[in-house]
Amino acid sequence: MSEPVSPRDQWSSRWVFVLAATGSAVGLGNIWKFPYIVGENGGGAFVLLYLFCVLFITLPIMMAEVLLGYLGKRDPIDTMAELAHRAGASRRWGVIGLSGVVAGFLILSYYSVIAGWTMAYIGHAAGGDFNGADVAQISGLFDDLLASPWRLLGWHSLFMVLTIAVVARGVRAGLEKALTILMPGLLLLLVALVLYAATTPAFAEGAAFLFKPDFSKLTASAVLVAMGHAFFTLSLGMGAIMIYGSYLPAGSSVARVSLVVALADTVIALLAGLAIFPLVFTHGLEPGQGPGLLFVTLPNAFAQIVGGQVVGCGFFLLMLFAAWSSAISLIEPAVAWMVERFGWSRLKAALVGGVIAWATGLLTVVSFNLAADFHPLGGSLTMFELIDFLTTNVMLPLGGVLIALFAGWRLLPADRIAAMADVPAVVVQLWLWSVRIVAPVAVLLVMVAAIASALQVPMPWE
Ligand code: PFF
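What you see is a predicted model, and the numbers here were worked out from it, not measured in a lab.

Cut-offs applied
- Per chain, residue numbering runs from 1 following the sequence as it is written.
- Where local features are concerned, this predicted model is filtered to residues with pLDDT of at least 70; where side-chain atom pairs are given and counted, the filter is 80 or more; whole-chain, interface and lining totals use all residues.
- Side-chain calculation: all heavy atoms of the structure are included, whereas hydrogens and water are not.
- Working definition: helices are DSSP H or I runs of at least four residues, strands are E runs of at least two. Numbering for both runs from the N terminus.
- By the criterion applied in these results, polar contacts are pairs of N or O atoms within 3.5 Å in which, for protein atoms, one can donate a hydrogen and the other can accept it, and in which residues neighboring in sequence qualify only through two side-chain atoms.
- Any pair of residues with heavy atoms lying within 4.5 Å of one another is described as a contacting pair.
- We call a residue near a molecule or strand whenever a single non-hydrogen atom of that residue lies within 4 Å of it.
- Note on areas: Shrake-Rupley with a 1.4 Å probe; residue coverage comes only from the protein chains shown.
- Nonpolar side chains (Val, Leu, Ile, Met, Phe, Trp, Tyr) are joined into patches within 5 Å and like charges within 9 Å, using only residues with over 30% relative accessible area and no salt bridge.
- Think of a salt bridge as a Lys or Arg side-chain nitrogen and an Asp or Glu carboxyl oxygen that are within 4 Å of each other.
- Lines fitted to C-alpha atoms define the axes here, with helix axes fitted over just the stretch in contact, and angles between the N-to-C directions of these axes take values from 0 to 180 degrees.
- Should an angle fall under 35 degrees it is called roughly parallel, over 145 degrees roughly antiparallel, and 65 to 115 degrees roughly perpendicular, with every other angle called oblique.
- Stacked, tilted and edge-to-face pairs are distinguished by plane angle, under 30 degrees for stacked and over 60 for edge-to-face with tilted covering the rest, among Phe, Tyr and Trp rings (Trp via its six-membered ring) whose centres lie within 6.5 Å.
- Relative accessibility thresholds used throughout: buried, under 20% of the residue-type maximum; exposed, over 50%; partly exposed, between the two (1.4 Å probe, protein chains only).
- Look at NZ for Lys and CZ for Arg. If either is within 6 Å of the ring centre and within 35 degrees of the ring normal, a charge sits over the ring.

Enquirer: Before we move on, can you summarise the side chain of Thr58 with the specific residues and values?
Expert: By the element assignment, Thr58 lies in helix H3 (residues 44-72). There is a polar contact of 3.4 Å between the side chain of Thr58 and the backbone oxygen of Val54. Among residues more than four places away in sequence, those in contact with Thr58 are Cys53, Ala230, Phe231, Leu234 and Leu236.

Enquirer: Please set out the site of the ligand residue by residue, giving values where relevant.
Expert: With respect to spatial proximity, 15 residues lie near the ligand, and among them Ala25, Gly29, Tyr111, Phe232 and Met238 are the closest. Tyr111 has a polar side-chain atom sitting 2.6 Å from an oxygen atom of the ligand. Thr233 is positioned such that a nitrogen or oxygen atom in its backbone is 3.2 Å from a nitrogen atom of the ligand. Starting from 330 Å² of accessible surface for the ligand in isolation, the protein chains cover 100%. Looking at the shell around the ligand, the elements that each hand over two or more residues are helix H1 (14-25), helix H2 (28-40), helix H10 (220-233) and helix H14 (308-342).

Enquirer: How would you explain a nonpolar patch on the surface if you had to name every residue and give the values?
Expert: A cluster of nonpolar side chains, contributed by Trp409, Trp433, Ile437, Val438, Val441 and Leu445, occupies part of the molecular surface with about 620 Å² of accessible area. Per element, the largest residue contribution to the nonpolar patch is five residues, and it comes from helix H18 (residues 425-455). Tracing the chain through its elements places Leu445 in helix H18.

Enquirer: Could you give an account of the packing of helix H4 (residues 76-86) against H14, naming the residues involved and the relevant values?
Expert: Orientation of H4 relative to H14, taken along the N-to-C sense of each, is 70 degrees, at an axis distance of 8 Å. On the basis of their axis angle, the class for H4 and H14 is roughly perpendicular. Between H4 and H14, the contacting residues are Pro76, Ile77 and Asp78 on the first element and Pro333, Trp337 and Arg341 on the second.

Enquirer: Give a detailed account of the packing of aromatic side chains, specifying residues and quantitative values.
Expert: The tally for this structure, following the rule as stated, stands at 25 aromatic pairs. With 4.9 Å between their ring centres and 65 degrees between their planes, Trp93 and Phe406 make a pair best called edge-to-face. Highlighted residues: Trp93 in the loop between H4 and helix H5 (94-126) and Phe406 in helix H16 (residues 383-410), separated in sequence by 313 residues. Given the relative accessible area of 22%, Trp93 is considered partly exposed. With a centroid separation of 5.4 Å and 70 degrees between ring planes, the pair formed by Phe209 and Phe281 is classed as edge-to-face. With a gap of 72 residues between them, Phe209 in helix H9 (residues 203-211) and Phe281 in helix H12 (residues 254-282) connect regions that are remote in the sequence. Using a relative accessible area of 14% as the deciding quantity, one classes Phe209 as buried. Among the aromatic residues, ring-to-ring pairing joins Trp32, Tyr36, Tyr110, Trp117, Tyr121, Phe130, Phe142, Phe295, Phe302, Phe316, Phe368 and Phe384 into one connected group. The ring of Phe232 carries Lys33 above its face, with NZ or CZ at 3.8 Å from the centroid. The ring centre of Trp409 lies 4.6 Å from the NZ or CZ of Arg436, which sits over that ring.

Given below as structure tokens:
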């Protein structure tokens, strides 16, 4: 394989990769989305299903994605094309990278709007707006924010500027520096919140909701949601982890770093659940209230506790950092592609990418107000919900399956063997089984079942 045209950035060590990939994985998905989809889907049984998906489907795919990036050492489009070419297959495999770039723009478009809510809430917390407020006043703050396209647009634009600023600065000077401070801080704050939650009267109830399965609450669509989230939360299926893998220094253990990242992400999601549900139950709130769970529930707790202003401010600030470190990875595959393919400066590539994602984000901004009643497919989904559904539940799983199939069936065995030399043979065999057969079949089955259930077509086992 020919060498990439220009010398590429690299993480200073594999531990920085772990930090960066964890920064990508841990984001709004863990702190905002995971708790609310657990709430909507009835708790423990859904959590089990999700853990099952991570272990048997997405962890092996994560190893595949890191492996491909590590071997390809380019942006995801050219990595896929080159590795395919090298194995005697068509360069058209590059299309997987391309669909990843599109998914990245789509996800970032709404991710930035939600991250904007977080910024607005830093202002509320710092300004003492929650102090002594009652439940109705706190929900009112959220409703007012969503009702104002201009406020949403302002925060969305600011967040996009922050994202562009880091990406434009490059891998080491931008990302690496920020992450070494943000990630430990995030973890400390979450632990502090869990400890606080442990002192509330409903801690046991919250923990039981999270860990005690009630399978009667599971629906066919919950299975799709759990699987989609297992992709979303690990940033899989769109080249983000692949591009980060491409910056791994030589001699890194692909399997080990993947395992650590998946584990860290899962632990943080569970901690977020443990911090949030006890507060939900303590304040007599509804766990299934959807996307507002975090922006309405937590402030209710901050309203009551001593020092709530500081804790609230810190919480939303760190949530912003979590979103920020993920947003960067959403746009990095496209930026790396523009830089490596067209020879653009990082600044130009980051600006072009950022503007595309920003403009697409306008669809989400108006989904909460001006176009709240616009349902493009005629069902109940707004444009925001449709983009979220399409990316999380369709594009990421399909992208992930193609990456898995490629790594399992197409990649030159010599490449794979060299990169996995440190892994016990039995683990490599298990991984191969998973990426060749188990993960693709499981993902396709879940998708077919979910589509059939949406169209109300009975499945053979029904
Ligand atoms: N993993 C991120 C989260 O859980 O918030 C979201 C995400 C980031 C998805 C990067 C996909 C991605 F490529």
